[in-house]
Amino acid sequence: MLRADSDGDDHPRGVAELIIADTRAAPYRKKGSVPLGAGFEGWARPDSAGVTLPAGCAVRMGSTAPYITASLEVPSQDEERLAERGEPRPVEADTARRANATVMREVATRLAERYDCAG
């Protein structure tokens, strides 16, 4: 995902990366994360989030793997990177975590609807 610079420049800056991939790995929760909520198999942190689509989505999407996952990486919220640069978080950690969870729930919902594989 890209967003134009605040001054309206034609040089977009990276905000986040959304990756949708098939995988053989079972759903998991990343250390330091919170669950996405009822009905979703996933997790969220300020700098990243992940969700596994409902059973059956992989086949409907043409994959031979058992799972389809969507993951979100938000470099601007990476705590290690910010510490190295001596920069503050651009958004409060709890706000970023909630926003990432919302994005992942929306991604999972829309993909499941599109491929008619809602759990």
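Residues numbered from 1 in each chain as written. Predicted model: local features only at pLDDT ≥ 70, side-chain atom pairs only at ≥ 80, totals over all residues. Heavy atoms only, no water.

A. Region of the structure containing helix α3 (residues 93-114). Helix length check: α3 (22 residues) gives 31 Å between terminal C-alpha atoms against 32 Å at 1.5 Å per residue, within 8%. Inspection of α3 places Ala93, Ala96, Arg97, Asn100, Ala101, Met104, Val107, Ala108, Leu111 and Ala112 among the buried residues, and these make up the whole buried set. What you see down the axis of α3 is that its buried residues fit within an arc of 135 degrees, all on one side. Among the exposed residues of α3, those pointing more than 90 degrees away from its buried face are Arg98, Arg110, Glu113 and Arg114. Each element contacted by the buried residues of α3 is listed here: β3 (17-23), β4 (34-35), β5 (41-44), β6 (48-52), α1 (57-60) and β7 (67-73). (Helix = DSSP H or I, 4+ residues; strand = E, 2+ residues; numbered from the N terminus. Expected span 1.5 Å × (residues − 1). Buried < 20%, exposed > 50% of the residue type's maximum accessible area, 1.4 Å probe, protein only. Arc of directions from axis to C-beta. Contact = heavy atoms within 4.5 Å.)

B. Highlighting the pattern of salt bridges. One pass over the structure, following the stated rule, counts 5 salt bridges. Here Asp94 makes a salt bridge to Arg97, at a shortest N to O gap of 2.5 Å. With Asp94 and Arg97 both in helix α3 and 3 residues apart, this pair spans about one turn of that helix. What makes Asp94 partly exposed here is its relative accessible area of 39%. (Salt bridge = Lys/Arg side-chain N within 4 Å of Asp/Glu carboxyl O.)

C. Spatial organisation of unusual backbone geometry. You will see that Asp116, though not glycine, has its phi angle at about 50 degrees, which is positive. Structurally, the position occupied by Asp116 is in the segment after α3.

D. Region of interest: the nonpolar core. Grouped together as the largest cluster of nonpolar side chains are 19 residues, with contacts concentrated most on Leu36, Val51, Leu53, Leu72 and Met104. Element by element, the count of residues in this core is highest for α3, at 6 residues. Sequence-distant contacts of Val51, defined by excluding residues within four places in its chain, comprise Leu36, Glu41, Gly42, Ile68, Thr69, Ala70, Met104 and Ala108. (Core = buried A, V, L, I, M, F, W, Y, C linked by side-chain atoms within 4.5 Å.)

E. Representation of the state of the cysteines in the model. Summed over all chains, the structure comprises 1 disulfide. Between Cys57 and Cys117 runs a disulfide, and the two sulfur atoms are separated by 1.9 Å. Between Cys57 and Cys117 the sulfur-sulfur dihedral comes to about 90 degrees; the bridge is accordingly right-handed. You can see Cys57 sitting in helix α1 and its partner Cys117 sitting in the segment after α3, a full 60 residues away along the chain. Cys117 carries the same exposure label as Cys57, and that label is buried. (Disulfide = S-S within 2.5 Å.)

F. Structural detail: the sheet that holds β3. The 5 strands lie next to each other as β3-β7-β6-β5-β4, forming an open sheet whose pairing is antiparallel. Looking at which strands have only one partner, the edges of the open sheet turn out to be β3 and β4. Note that β5 and β6 share 4 bridges and pair antiparallel. Across the sheet, residue Ala44 finds its bridge partner in β6, namely Ala49. (Pairing = 2+ DSSP bridges.)

G. View of the packing of aromatic side chains. One pass over the structure, following the stated rule, counts 1 aromatic pair. With a centroid separation of 6.2 Å and 40 degrees between ring planes, the pair formed by Tyr28 and Trp43 is classed as tilted. Pair noted here: Tyr28 is in the loop between β3 and β4 and Trp43 is in strand β5, with a separation of 15 residues, a long-range link. By relative accessible area, Trp43 is classed as buried at 5%. (Phe/Tyr/Trp six-rings, centres within 6.5 Å; stacked < 30°, edge-to-face > 60°.)

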